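Report on the structure
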Amino acid sequence: MHIREMVADAEKSGQPSFSFEYFPPKTAQGVQNLYDRMERMYDFGPKFIDVTWGAGGRIAELTCDMVAQAQAYFGLETCMHLTCTDMGEEKVNDALAKAYKAGCTNILALRGDPPRATEKWTATDDGFQYAKDLVAHIRKLYGNHFDIGVAGYPEGCDDNKDEDSLLDHLKEKIDLGGTFIVTQMFYDGDNFIRWVRKVRERGITVPILPGIMPIATYASFLRRATHMNCKIPEEWMTALEPVKNDDVAVREVGKTLVAELCRKIMAAGIHHLHFYTMNLAQATRMVLEELDWMPTSTRPTKKALPWKQSLGLGRREEDVRPAFWRNRNKSYVSRTQDWDEFPNGRWGDSRSPAFGELDAYGIGLTGTNESNRKKWGEPQCIKDIAQLFVRYIEQDIDSLPWSESPLTSEADAIKDNLIKLNQRGFLTINSQPAVSGVRSNHPVYGWGPPNGYVYQKAYLELLVPPYMFQDVVKRIESNPDMSYYAVTQHGSLVTNAPSEGPNAVTWGVFPGKEIVQPTIVEGISFLAWKDEAFQLGMDWAHCFDANTPSRVLVEEMMSEWHLVNIVNNNFHDQDSIFALFDGLAAKDLEAPPTPKLAKATTNGSLSNGAHDTNEAMAATA
């Protein structure tokens, strides 16, 4: 979506909107931490994010990678900075091609600062002298695909303090194809409003996005304001000076000052604010809370679908996903990006040569062995692993090898049942409660257009010990409302599903639309997920040294246990799916592992019915 359209929507609705800027970190760990922070800040509700350009080399590549990650995996509409610094035409074209391929539709075209070793900015031999040249090139090459932003300077820039000259340059950039303006940071609201009037007097009508820098510490506030030659209002210094040595107090005072600046700007007719986050969340969050713009239980972030939608090229219309990847969004997108018939075949044709080969996607367990041992401990028995799952459900830890993100409030309705199941040795990887017709604006379960109703079937995915498997299957098959798929790492699939087609476990009914079924369960995708699920477990096992109790324990589980998913097709029924396990409990929960691993057999195809249970059991013997 183009940024000018986002601003137009905000103006039409009368609701304020905002966006965040990030920059590429210098270390690999910093990049990973920023991705985690970007995903958390997604829930603040930004309309888009932008990623600054690192001129030349690895940092420039990282900008392109971050844009692709944000678009494809986090579902964040992204604007990519692009500068003229050290950028000849070939490099510019390469960066634009990568942005296009990532599904990015917004570029912020800048001249850029000179390299540190150069006092004065100069173009490369085949490069662009001014930002206006870059704007014209993008427009010529890509037509209207990209919304093109340009910089505005309410207080002048480093090498030009002549306001009229800068306004002339701004008008040239707009006339050559610029469609929105992002300003440098400022704290003087009155001067900004005066500057906006002068911009409009020049006949420039495109949206103006003021750059807002939250205050994290007194020292960083002064350093950045000095670097950008920002005027600091006298009353701001009066308020901040007495508390300058207390970072907590500085943030408290700063959030009030910045929020008042934002209110003044919005009152003058601006509809969208652009926050320079400096890759930090707290100061920005505090300003949004002070403005009462953060999502709440009564004003949740609007969800088009119950899962986070990808904005990668060719994926924007995707409206169906298997339930199995619920907690591994990035993995799902990576796995399916080359499956041949996507998106017309939902997520690809299982007969295609592009389907499968898990290792090609590089989507195993993240983190170092040491960090994962620190995070999840070194289990000595099944009870230790079960307690790890309980801690996740109780939100004492925020991830498991099979779940990249914390448990959401959707699980509150079944939390006690999940805890009891895990305490009895049934390890729950994925689940959802039954929902029968709640409003689409419900703060927990809601998604989709307004005035609709959404539904869910109770769903449970868990690891089951081999000696409990037959009892579990008999109980499932004795209830006509229940359907299931089950498999071991190397065994055949066992199921009572009436067909190979998909079973919708989430759907919505909306005015003027066909029924939308965005989350399904079916056999082919379960087999694909099975490979990943067992690989994640083996990756976890390999975080421990060979022959240690923890290594043997987890490897034994992955080699012998069954991965089972169960759907209660009666969406009015919340409890029967858990009642299946009444009176059942794994044995010897505190017993140490045995150094015996199951033999691998050839991976089988789908089989149907309980008569295949013994065959699946034999595969683990």
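Owing to the predicted nature of the structure, the values given are computational and were not obtained by experimental measurement. (Residues numbered from 1 in each chain as written. Predicted model: local features only at pLDDT ≥ 70, side-chain atom pairs only at ≥ 80, totals over all residues. Heavy atoms only, no water.)

1. Topic: the overall build of the protein chain
The secondary structure content of the protein chain amounts to 20 helices and 19 strands. Expressed as a percentage of the 621 residues in the protein chain, the buried residues total 54%. Considering only residue pairs separated by 6 or more positions, the protein chain has 74% of its internal contacts joining residues 24 or more positions apart. (Helix = DSSP H or I, 4+ residues; strand = E, 2+ residues; numbered from the N terminus. Buried < 20%, exposed > 50% of the residue type's maximum accessible area, 1.4 Å probe, protein only. Contact = heavy atoms within 4.5 Å.)

2. Considering the state of the cysteines
Cysteine pairs can be linked by a disulfide, which is a covalent bond between their two sulfur atoms. Considering all chains together, one arrives at zero disulfides under this definition. Of the cysteine sulfurs around C79, a residue in no disulfide, the closest is that of C104, at 6.4 Å. (Disulfide = S-S within 2.5 Å.)

3. A closer look at the sheet that holds strand 17 (residues 516-521)
Pairing is mixed in the open sheet, where five strands are placed in the order 9-17-16-12-11. Sheet topology places strand 9 (321-322) and strand 11 (435-439) at the edges, where each strand pairs with a single neighbour. Where strand 12 (residues 453-456) meets strand 16 (residues 503-509), four bridges bridge the pair, whose relative direction is antiparallel. Bridge pairing in strand 16 links Y455 to W507. (Pairing = 2+ DSSP bridges.)

4. Side note on unusual backbone geometry
Its identity is not glycine, yet N279 carries a phi of approximately 65°, on the positive side. Relative to the helices and strands, N279 is located in the loop between strand 8 (272-276) and helix 11 (282-290). At D292, a position not held by glycine, the phi torsion is positive, near 60°. With respect to the secondary-structure elements, D292 resides in the loop between helix 11 and strand 9.

5. Re the pattern of salt bridges
Under the counting rule described, the total for this entry stands at 24 salt bridges. For E590, the salt bridge identified is with K383, shortest N-O distance 3.5 Å. Placement of E590 in the loop between helix 19 (576-579) and strand 19 (606-608) and of K383 in helix 14 (residues 382-393) is noted, with a sequence separation of 207 residues between them. A relative accessible area of 57% means that E590 is categorised as exposed. With a relative accessible area of 43%, K383 lands in the partly exposed category. Put simply, D396 and R391 hold a salt bridge, and the shortest N to O gap is 2.7 Å. By relative accessible area, which is 28% here, R391 ends up partly exposed. The network of salt bridges with common partners includes E163, D164, D168, R194, K198 and R202. (Salt bridge = Lys/Arg side-chain N within 4 Å of Asp/Glu carboxyl O.)

6. Things to note about the packing of aromatic side chains
Counted by the stated rule, this structure contains 25 aromatic pairs. Here Y187 and W236 contribute two aromatic rings whose centre-to-centre distance is 5.0 Å and whose plane-to-plane angle is 50°, an arrangement assigned as tilted. One end of the pair, Y187, is in the loop between strand 6 (180-185) and helix 7 (189-201); the other, W236, is in helix 9 (residues 234-240), and 49 residues separate them in sequence. Its relative accessible area of 2% is what places Y187 among the buried residues. With a relative accessible area of 6%, W236 lands in the buried category. (Phe/Tyr/Trp six-rings, centres within 6.5 Å; stacked < 30°, edge-to-face > 60°.)

7. Observations regarding the sheet that holds strand 3 (residues 78-83)
Pairing within the closed barrel is parallel, and its eight strands lie in the order 1-2-3-4-5-6-7-8. Put simply, the sheet's adjacent strands are angled 25° from each other on average, direction ignored. Relative to strand 5 (residues 147-152), strand 4 (residues 106-110) is paired through three bridges, and the arrangement is parallel. Bridge assignment links L108 to a residue of strand 5, and that residue is G149. Lying over the sheet, helix 4 (residues 89-101) contacts strand 3 and strand 4, oriented at roughly 175° with respect to strand 3. (Axes fitted to C-alpha atoms, helices over the stretch in contact; angles between N-to-C directions.)

8. Focus on helix 15 (residues 415-423)
For helix 15, the set of buried residues is L418, I419, L421 and N422. The arc that holds the buried residues of helix 15, viewed along the axis, is 165°, so those residues lie on one side. Next to the buried residues of helix 15 lie helix 14, strand 10 (427-432), strand 13 (459-464) and helix 19. One or two residues past the end of helix 15 sits G425, with phi positive at roughly 95°. (Arc of directions from axis to C-beta.)

9. Considering the nonpolar core
One recurring pattern in soluble globular proteins: nonpolar side chains tend to sit buried together. Core analysis: the largest hydrophobic core is formed by 170 residues, its most contacted members being M80, L82, I181, W540 and I566. When residues of this core are assigned to their parent elements, the largest contribution, ten residues, is made by helix 17 (residues 523-541). Residues in contact with I566, not counting those within four places in the same chain, are A458, Y459, L460, L462, I476, M482, S483, Y484, I577, L580 and F581. By size, the runner-up hydrophobic cluster in this structure holds six residues, among which are W447, V454, F510 and V516. (Core = buried A, V, L, I, M, F, W, Y, C linked by side-chain atoms within 4.5 Å.)

10. Concerning the side chain of H2
For H2, the position within the fold is in the segment before helix 1 (3-13). Among the polar contacts listed, one links the side chain of H2 to the backbone oxygen of H145, at a separation of 2.7 Å. Among all residues touching H2, those that are not within four sequence positions of it are T105, N106, N144, H145, F146 and D147. (Polar contact = N/O pair within 3.5 Å; in protein donor to acceptor, adjacent residues only side chain to side chain.)

11. Let's talk about the packing of helix 17 against helix 18 (residues 549-560)
How two helices pack is summed up by the angle between their axes together with the distance between the axes. Where helix 17 contacts helix 18, the axes come no closer than 8 Å and their chain directions differ by 170°. Judged by the inter-axis angle, helix 17 sits roughly antiparallel to helix 18. Residue-level inspection shows A533, F534, G537, M538, W540 and A541 of helix 17 in contact with helix 18, the latter providing R551, V554, E555 and M558. Looking at the contact of helix 17 with helix 18, its residues break down into seven nonpolar, one polar and two charged. (Parallel < 35°, antiparallel > 145°, perpendicular 65-115°, else oblique. Nonpolar A, V, L, I, M, F, W, Y, C, P; charged D, E, K, R; others polar.)

12. Some remarks on the confidence of the model for the protein chain
Residues with a pLDDT of 70 or more make up 86% of the protein chain, whose mean pLDDT is 85. A low-confidence stretch, residues 340-362 stays under pLDDT 50, and its non-local contacts, those more than four residues away or across chains, total 45 contacts. Predicted confidence for residues 597-621 stays below pLDDT 50, and this span has 59 contacts to residues more than four positions away or in other chains. (pLDDT = per-residue confidence, 0-100.)

13. Concerning the packing of helix 10 (residues 247-267) against helix 11
Close contact between helix 10 and helix 11 brings their axes to 9 Å; oriented N to C, the two are set at 55°. When the axes of helix 10 and helix 11 are compared, the pair comes out oblique. The crossing of helix 10 and helix 11 is right-handed. Contacts from R251, E252, K255, T256, V258, A259, C262 and R263 of helix 10 reach helix 11 at Q282, M286, V287 and E290. Residue composition of the contact of helix 10 with helix 11, grouped by class: five nonpolar, two polar and five charged. (Left-handed = near helix turned anticlockwise from the far one by under 90°.)

14. Remarks on the pairing of strand 2 (residues 48-51)
In strand 2, alternate side chains face the same way, and those of F48 and D50 on one face and I49 and V51 on the other are all buried. As defined by bridge partners, strand 1 (residues 17-22) adjoins strand 2 across four bridges and the pair is classed as parallel. Bridge pairing in strand 2 places S19 opposite F48. Each parallel crossover has a hand, and for strand 1 linked through helix 2 (residues 28-42) to strand 2 it is right-handed. Pairing of strand 2 with strand 3 involves three bridges; the strand directions are parallel. Paired with I49 across the strands is T78, a residue of strand 3. (Right-handed = clockwise from strand over helix to strand, strands pointing away.)

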